[in-house]
Amino acid sequence: MNGGDGETSYARNSFLQRKVICLTKSIREEAIRKVYCSKTPRSLVIADLGCSSGPNTFLVVSEVIMAVEKLCRELKHDDESPEYQVLMNDLPGNDFNSIFMSLDLFLEQLSREVEGGIGPCYVSGVPGSFYGRIFPTNTLHFVHSSYSLMWLSQVPEGVENNKGNIYMSSTSPLNVFEAYYEQFQRDFSSFLKCRAQEVVEGGCMVLTFLGRRSDDPSSKECCYIWQLLAMALNEMVAEGIIKEEEMDRFNIPQYTPSPWEVKSEVMKEGSFNIDRLEVSEVHWNPFNDDESYSGDGGYHVAKLMRPVAEPLLASHFGEAIIEEAFCRYERILTSIMSKETRTMFINVSVSMTRTAPS
């Protein structure tokens, strides 16, 4: 993601992710109530995986702590609020400095919002890939991740023949779909195995993927947004701005799973029981239902996609093509969205509980 707080930063262009977090609030509240009622821990350990930085960073943590404090009062545990250990995880390149600079303000606001205050809260940053072990054994009570697990640990191997595309597409060869799905299976299986060692029995995980409803991995609901970026890049290839061989070597390390694919991997790994598996959707343009915002949809969608896609494009093609690429992308998006009203991102959310180790 683009760090900092500049015009093209993730922090300034993450309203879509915020809307998705708000859509899945009831799933998290149900899960944390279940954990607290069953474990009543004196020290509640919360991990947010793929926390990024910016206005959304502490949104889920705040929500979880407030839900626990409300539950404590319902159960007449007014004087027994737990202490909170909050573990914020992302890759080492994440802007952790911004997180810690905003920590005091977050804790002050949280204490003001909860009548009587909250229990002690200790926040730590944990840099590292969540596809490996990042926490001690049997320590986590509640794990959350939103819009992170669709990112693969690497571009799948063997997709060199995906010419003219930057992701799975209706024109992609069959082996490309197989390679992407197999990489997702390896990565999500590793994720589940690692968390199975770190989450206590009875602990919960709530995960939200950018995904799809369809069983077809080339469906427009998951691939179209990248196909339109590929159109912009192919225009630049045709005009000699980008070399064709560079375009042919570029692929996005992402997989948008269906509910069945998520469920299948959880059941195969076997350490968690699925409590809820739900699908929701949000418009490509997060301001679509807000009349106070001006500007066309293509402008807003290009802005929200840039913090995500720019680091990938810049590392492969170089910084020089970025402005031109996103100018063309915005134009294409504006044209498409003026004709198609159902331009939606699909979200797959799963809530699961750690079972007793066999």
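Everything discussed here concerns the structure shown above.
Described in the following lines is the structure provided in the data block. From a predicted model like this one, the values you see are computed outputs, not experimental measurements.

## Describing the state of the cysteines
Part 1 of the argument: Overall, the coordinates contain 0 disulfides when judged by the stated rule.
Part 2 of the argument: Cysteine 22 takes part in no disulfide bond, and the closest cysteine sulfur, belonging to cysteine 51, lies 17 Å away.
Part 3 of the argument: We classify cysteine 22 as partly exposed; its relative accessible area is 48%.
Part 4 of the argument: Of the cysteine sulfurs around cysteine 121, a residue in no disulfide, the closest is that of cysteine 72, at 14 Å.

## Some words on unusual backbone geometry
Part 1 of the argument: Positive phi, close to 55 degrees, is recorded for serine 52, a residue that is not glycine.
Part 2 of the argument: As for its placement among the helices and strands, serine 52 is situated in the loop between strand 1 (43–49) and helix 3 (59–74).
Part 3 of the argument: Serine 52 gets classed as buried once you look at its relative accessible area, which sits at 6%.
Part 4 of the argument: One non-glycine residue, asparagine 138, lies in positive phi territory at about 50 degrees.

## Some words on the pattern of salt bridges
Part 1 of the argument: Applying the stated criterion across every chain yields a total of 21 salt bridges.
Part 2 of the argument: Residue glutamate 74 pairs with arginine 33 through a salt bridge whose shortest N-O separation is 3.0 Å. Separated by 41 residues along the polypeptide, glutamate 74 in helix 3 and arginine 33 in helix 2 (residues 25–39) bring together distant segments of the chain.
Part 3 of the argument: Taking relative accessible area as the criterion, arginine 33 reaches 32% and is therefore assigned partly exposed.
Part 4 of the argument: For the salt bridge of glutamate 324 with arginine 328, the shortest nitrogen-to-oxygen distance reads 2.6 Å. You can see glutamate 324 and its partner arginine 328 sitting in helix 11 (residues 322–339), 4 residues apart, about one turn around the helix.
Part 5 of the argument: Residue classification places glutamate 324 among the partly exposed residues on the basis of a relative accessible area of 32%.
Part 6 of the argument: By relative accessible area, which is 9% here, arginine 328 ends up buried.
Part 7 of the argument: It is possible to trace a salt-bridge network through shared partners that takes in Glu235, Glu239, Glu324, Arg328 and Arg331.

What counts as what
- Residues numbered from 1 in each chain as written.
- Predicted model: local features only at pLDDT ≥ 70, side-chain atom pairs only at ≥ 80, totals over all residues.
- Heavy atoms only, no water.
- Disulfide = S-S within 2.5 Å.
- Buried < 20%, exposed > 50% of the residue type's maximum accessible area, 1.4 Å probe, protein only.
- Helix = DSSP H or I, 4+ residues; strand = E, 2+ residues; numbered from the N terminus.
- Salt bridge = Lys/Arg side-chain N within 4 Å of Asp/Glu carboxyl O.

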